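# Fold and contact review
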Protein chains: 2
Amino acid sequence: MNVTPSSTPGSTPGAALAFTAEQQLDDGVLERRFTLDGIPGILWTPPSATSSDPAPLILLGQPGGLGTDRMYPRLVGRARHAASDGIATVALEGPGSGGRPPLPGADQARAHLRTALTAGEPVSDDVVDRLVLPLVDQAVPEWRRALDALLALPELGGPVGYSGGVIAVGVRLAVVEPRVVAAGLFAGSYVPRATFEEARRVTIPVHVLLQWDDEGNDRQAALDLFDAFGSTEKTLQANLGGHTGVPAYAGEDAGRFFARHLR
Amino acid sequence: MNVTPSSTPGSTPGAALAFTAEQQLDDGVLERRFTLDGIPGILWTPPSATSSDPAPLILLGQPGGLGTDRMYPRLVGRARHAASDGIATVALEGPGSGGRPPLPGADQARAHLRTALTAGEPVSDDVVDRLVLPLVDQAVPEWRRALDALLALPELGGPVGYSGGVIAVGVRLAVVEPRVVAAGLFAGSYVPRATFEEARRVTIPVHVLLQWDDEGNDRQAALDLFDAFGSTEKTLQANLGGHTGVPAYAGEDAGRFFARHLR
């Protein structure tokens, strides 16, 4: 697999983007639903975003499989926070999530994962690869096509950040997509072996969030991944608590990381 | 050694504090030099600190042996930053630092440390104990006597935070001194075995700063110490770079930690 920076294969800028609904939130943020090559997404733009002062953009990564509808309350919270810093945000329905066709081999990989977890056994590298890599391989080019289309809008100008999980998706994007200049990564998902190698090639600033007691996460893998990043600016913020217990101040610190690098 | 919260043995509040010099800094911060039982120190108070609105106080810990004079530029920077949040700060010449008498066994412990480092051997627990514990045993009661005296000033009201190194001093203070309600600890010094045990008894919020590539620091020991803290709010922030390379934004994040818990 080629992870060298390159143009998106077969991209047709702007062509496949269709807005389907819009509403203005109470704080003036414009929320627009769209489809891109049939994939649903949501774009939030701050009131300050205009063609004469286009906004930077943060890609909101989501946990694999949960779906944008279920994640909406948390996504819109992050979108409002970014908008208060003058930054636009976008969520894209992930491969295999929320009504989209399942990823090849996903059911079997999840069954193997459940078997290992039920038996209290470590999750093998092979299961992790089959669970995560098909998602990475499909999600990354989708994000890049979304960038082609969205950055053609006059009110969006870049630079672009990636925020959230799946961490392997964020790492791959940081390597292959030169428009992504900062990554705020949530260490809360399994890390394929290939991702550690890709992390060495990441040179953009990274801010890694780790929940110290995340029951479904391998703490040592997160520390090893942080160590592997080749970036000259990298920060790990670990907080007490489980997967969903990220404290409010951690979200604010991540917001300041993006404001520092995107504004 | 008794590390149960208790009143300071033999303390005579306010009695031994003598101000020796004062100057107003350009941002309105009042800098006063003092001696306390003959130990030199510096107190910085924000313009907002008055008897009707007394300021919280942060104890500025320093690296062992460097001395307040040599550390002054960095100390005053931290003091000005805290003052901008309405928080007073104090530095106290550490045991064995500046012109103070050397700690018992310090020369021999440092010689053993140098021997180990020169030979590229690991520093033994025994050397760490002899290097750090005498400092902790002497510095902690001195800080507590300083609190007795300083909190008697009408412009200081508490609560109190501890900020910096030596990390074993901060941990001991967090356990024994109930007036200390938040600790921002710099993981940049050797950690005695006893400190890991004491960390389990720490219940106040802690914000631990770790330089990921600190040449003189054991990264795993810092992670183990963070894991050991019994606090329900604890954050580890690790940044790329060596011992003295703490990025400016890390200082700002630590400042927000204190503002959150002391204001």
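Read on for a plain summary of the structure. (Residues numbered from 1 in each chain as written. Chains lettered and ligands numbered in written order. Predicted model: local features only at pLDDT ≥ 70, side-chain atom pairs only at ≥ 80, totals over all residues.)

Our focus in this paragraph is the nonpolar core. With 161 residues, the main nonpolar core has Val90(A) and Val90(B) as its most contacted residues. Setting aside its immediate chain neighbours within four residues, Val90(A) contacts Gly41(A), Ile42(A), Leu43(A), Leu57(A), Leu59(A), Leu60(A), Ala146(A) and Leu150(A). (Core = buried A, V, L, I, M, F, W, Y, C linked by C-beta atoms within 7 Å. Buried ≥ 20, exposed ≤ 12 C-beta atoms within 10 Å, placed from the backbone. Contact = placed C-beta atoms within 7 Å.)

This part covers the packing of helix α4 (residues 167–176) of chain A against helix α5 (residues 193–200) of chain A. Residue and element names in this part refer to chain A. Where α4 meets α5, the closest approach of the two axes is 9 Å, and the angle between their N-to-C directions is 35°. For the element pair α4 and α5, the recorded crossing hand is left-handed. Taking contact as the criterion, the partners of Ala168, Val171, Arg172 and Val175 in α4 are, on α5, Thr195, Glu198 and Ala199. The class makeup of the residues in the contact of α4 with α5 is 4 nonpolar, 1 polar and 2 charged. (Axes fitted to C-alpha atoms, helices over the stretch in contact; angles between N-to-C directions. Helix = DSSP H or I, 4+ residues; strand = E, 2+ residues; numbered from the N terminus. Left-handed = near helix turned anticlockwise from the far one by under 90°. Nonpolar A, V, L, I, M, F, W, Y, C, P; charged D, E, K, R; others polar.)

This part covers the relation of the copies chain B and chain A. The operation relating the two chain copies consists of a rotation about an axis and a shift along that axis. The operation relating chain B to chain A is a screw motion whose rotation component is 180°, with 0.0 Å of axial translation and a residual RMSD of 0.0 Å. Taken together, the rotation and translation relating the two chain copies correspond to the operation of a two-fold axis. By C-alpha distance to the rotation axis, the residue of chain B lying nearest is Gln237(B), at 2.3 Å. A share of 100% of the interface residues of chain B reappears at the interface of chain A, consistent with the copies meeting face to face through the same patch. (Least-squares fit on C-alpha atoms with pLDDT ≥ 70 in both.)

What follows covers the interface of chain B and chain A. How large an interface is tends to be reported as the accessible area lost when its parts come together. Each partner contributes to the interface: chain B provides 12 residues, whereas chain A provides 12 residues. Of all the secondary-structure elements, those providing two or more residues to the side of chain B that touches chain A are β9 (234–239) and α7 (248–262) of chain B. When residues in the side of chain B that touches chain A are grouped by element, the largest group, 6 residues, is from β9(B). Its residues assigned to classes, the side of chain B that touches chain A shows 4 nonpolar, 4 polar and 4 charged. In terms of strand pairing, strand β9 (residues 234–239) of chain A meets β9(B) through 5 bridges, oriented antiparallel. If you follow Gln237(A) over to β9(B), its bridge partner there is Gln237(B). (Pairing = 2+ DSSP bridges.)

What follows is about the packing of helix α3 (residues 125–150) of chain B against helix α4 (residues 167–176) of chain B. Residue and element names in this part refer to chain B. Remark: α3 packs on α4, axes separated minimally by 9 Å, with the N-to-C direction vectors making an angle of 45°. Here α4 runs oblique to α3, going by the angle between their axes. Considering the relative orientation of α3 and α4, their crossing is right-handed. Here Val132, Leu135, Val136, Ala139, Val140 and Trp143 of α3 lie close against α4, whose contacting residues are Ala168, Val169, Arg172, Leu173 and Val176. (Parallel < 35°, antiparallel > 145°, perpendicular 65-115°, else oblique.)

A few words now on the pairing of strand β3 (residues 39–45) of chain B. All names here are of chain B. With respect to burial, β3 is a largely interior element, 5 of its 7 residues being buried. Strand direction decides the pairing type here: strand β2 (residues 30–36) and β3, joined by 7 bridges, are antiparallel. Its bridge partner being in β3, Arg33 is matched across the sheet by Ile42. Across 4 bridges, the pairing between β3 and strand β5 (residues 88–92) is antiparallel. Residue pairing across strands places Leu43 opposite Val90, the latter belonging to β5.

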